[in-house]
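# Structural overview for review
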Amino acid sequence: LVLKMAGGITLAVLMYHIKNRYAIRLYQTLMFLPFFISWVAVAYLAYAFLSPSGGLLNQWLAAIGQDAVNWYANPGLWPGILSFVNTWKWLGYHTILFYAALLSLDPSQEEAASMDGAGKWAITRHIYLPHLTNVFWVLVLINLGNIFYADLGLFWNVPRNIGMLSDTTQVLDTYVYSSFRVTGNIGMASAAGLFQSLVGFIVVMAANAVIRRKSPENAMF
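Residues take numbers from 1 onward in each chain, read along the sequence in its written order. The predicted origin of the model limits local features to residues at a pLDDT of at least 70 and limits the giving and counting of side-chain atom pairs to 80 or more, whereas totals for whole chains, interfaces and linings rest on all residues. The basis for the side-chain values is all heavy atoms of the structure; hydrogens and waters are excluded.

Within the chain, the secondary structure is distributed over 12 helices and 0 strands. Overall, the chain shows an N-to-C arrangement of helices and strands of α-α-α-α-α-α-α-α-α-α-α-α. Per-residue burial over the chain gives 33% buried out of 221 residues. Residues are treated as being in contact if the distance between any of their heavy atoms lies within 4.5 Å. For the chain, the share of sequence-separated contacts (at least 6 apart) that also reach a separation of at least 24 residues comes to 67%. Positive charges come from Lys and Arg alone, negative charges from Asp and Glu alone, with His and the N- and C-terminal ends not counted. Where a charge lies is defined by one atom per residue type, namely NZ (Lys), CZ (Arg), CG (Asp) and CD (Glu). Here the chain carries 12 positive and 9 negative side-chain charges, and the mean point of each set is 4 Å from the other. Runs of E in the DSSP output that reach at least two residues are strands. Runs of H or I that reach at least four are helices, and both are numbered from the N terminus. Buried, partly exposed and exposed residues are distinguished by accessible area as a fraction of the type maximum, computed with a 1.4 Å probe on protein chains only: under 20%, between the cut-offs, and over 50%, respectively.

This is the structure we're talking about:
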C-alpha cells in the first residue's frame, strides 16, 4: 500500500509537468498496461526473470561474476518479490487516479506561487499534495477494506504453488482455496469469506473514524 501510494503520487506529479500530449498518452498507456495483464501471464513473466535455470536475473548475476540464486527455494526473498510484482501491476492504476485529480487543479495557484518565488518542491508540498489529499484517503480506505482479501492470483500463481514457499506466501485465500480442492468443504470457504467481510468492514469503519476526527473533510462518511 505504501509503495503504490508513494509511487503513484510521485509519478503523477512528474507526469503533470509533461506538456507534450503524445508523450503523456504514451506514458499513460505503458503504466496502465500491467493492470490489464492477467495474473497467469504475470506469473510467466516473473518466472522468465526468476527461473533457476536460464532466468534473466541469474543471467545478469552470472555476467557480473555472481552465483546464481534459486529464487523459488528462498522463502525469505518472497515478501519483497511479491510486493514488487504487486506494485508493478497496480502502480499505473494509482498513478492515473492521482494524475486525473491534478488535472482539476486551478493553474492560477501554481502561477501565483511561482511569482512569489516558490520552487518546484514548495509547489509540490503546499499545492499538489494538499490537492491530492481527498483522493489519497479514499484510496487508503478502499485498500484497507480489502486488506484481508489477499489477491489469490498474486499469491497462488506467482509463487507457482511451491510447497517450500508456503510458510511465507500462503494467505487466507490460498489456504481456503487449496483446502477446498482437497476436502471440498464449502462451509469453511463461506466462513472465511464472512470473516474477511466482517474484518474489512471493521477496519474501514475504524480508519474512517480516525480520519473524521483528524480531518473531517477527508472522511468518506
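What follows concerns unusual backbone geometry. Trans is the common state for peptide bonds, and a negative phi is the common state for residues other than glycine. Phi is positive for Arg160, close to 65°, though the residue is something other than glycine. Its place among the elements puts Arg160 in the loop between helix H9 (152–157) and helix H10 (166–169). With a phi close to 50°, Asn161 is a non-glycine residue in the positive phi region. Within the secondary structure, Asn161 sits in the loop between H9 and H10.

In this section: helix H12 (residues 186–214). Three- or four-residue spacings in an α-helix give side chains the same orientation, since the helix completes a turn every 3.6 residues. Taking 1.5 Å per residue as the helical rise, H12 with its 29 residues ought to reach 42 Å, and the 42 Å between its terminal C-alpha atoms agrees with that figure. Packed against the buried residues of H12 are helix H8 (133–145) and helix H11 (172–183). Here, expected helix span is obtained from the residue count minus one, scaled by 1.5 Å.

Positionally, Leu141 belongs in helix H8. Among the residues examined, Leu141 registers a relative accessible area of 2% and is labelled buried. Separated by 46 residues in the primary sequence, Leu141 and Thr95 place their C-alpha atoms 17 Å from one another.

In this model H8 runs 18 Å from its N-terminal to its C-terminal C-alpha over 13 residues, within 8% of the 18 Å that 1.5 Å per residue would give. For H8, every residue scored as buried is listed here: Leu139, Val140, Leu141, Leu144 and Gly145.

What follows is about the nonpolar core. With 25 residues, the main nonpolar core has Tyr16, Phe98, Tyr99, Leu102, Ile127, Tyr128 and Leu132 as its most contacted residues. Mapped onto this core, the elements with two or more residues apiece are helix H1 (2–16), helix H2 (21–32), helix H5 (78–103), helix H7 (120–131), H8 and H12. By residue number, the principal contributor to this core is H1, which donates 6 residues. Filtering out sequence-adjacent residues up to four positions away, Tyr128 remains in contact with Val13, Tyr16, His17, Leu102, Leu105, Glu110 and Ile123. By size, the runner-up hydrophobic cluster in this structure holds 13 residues, among which are Ala46, Leu50, Trp71 and Val158. Working definition of a nonpolar core: buried Ala, Val, Leu, Ile, Met, Phe, Trp, Tyr and Cys residues. They are joined through side-chain atoms within 4.5 Å.

Distances and angles like these do not, on their own, reveal function.
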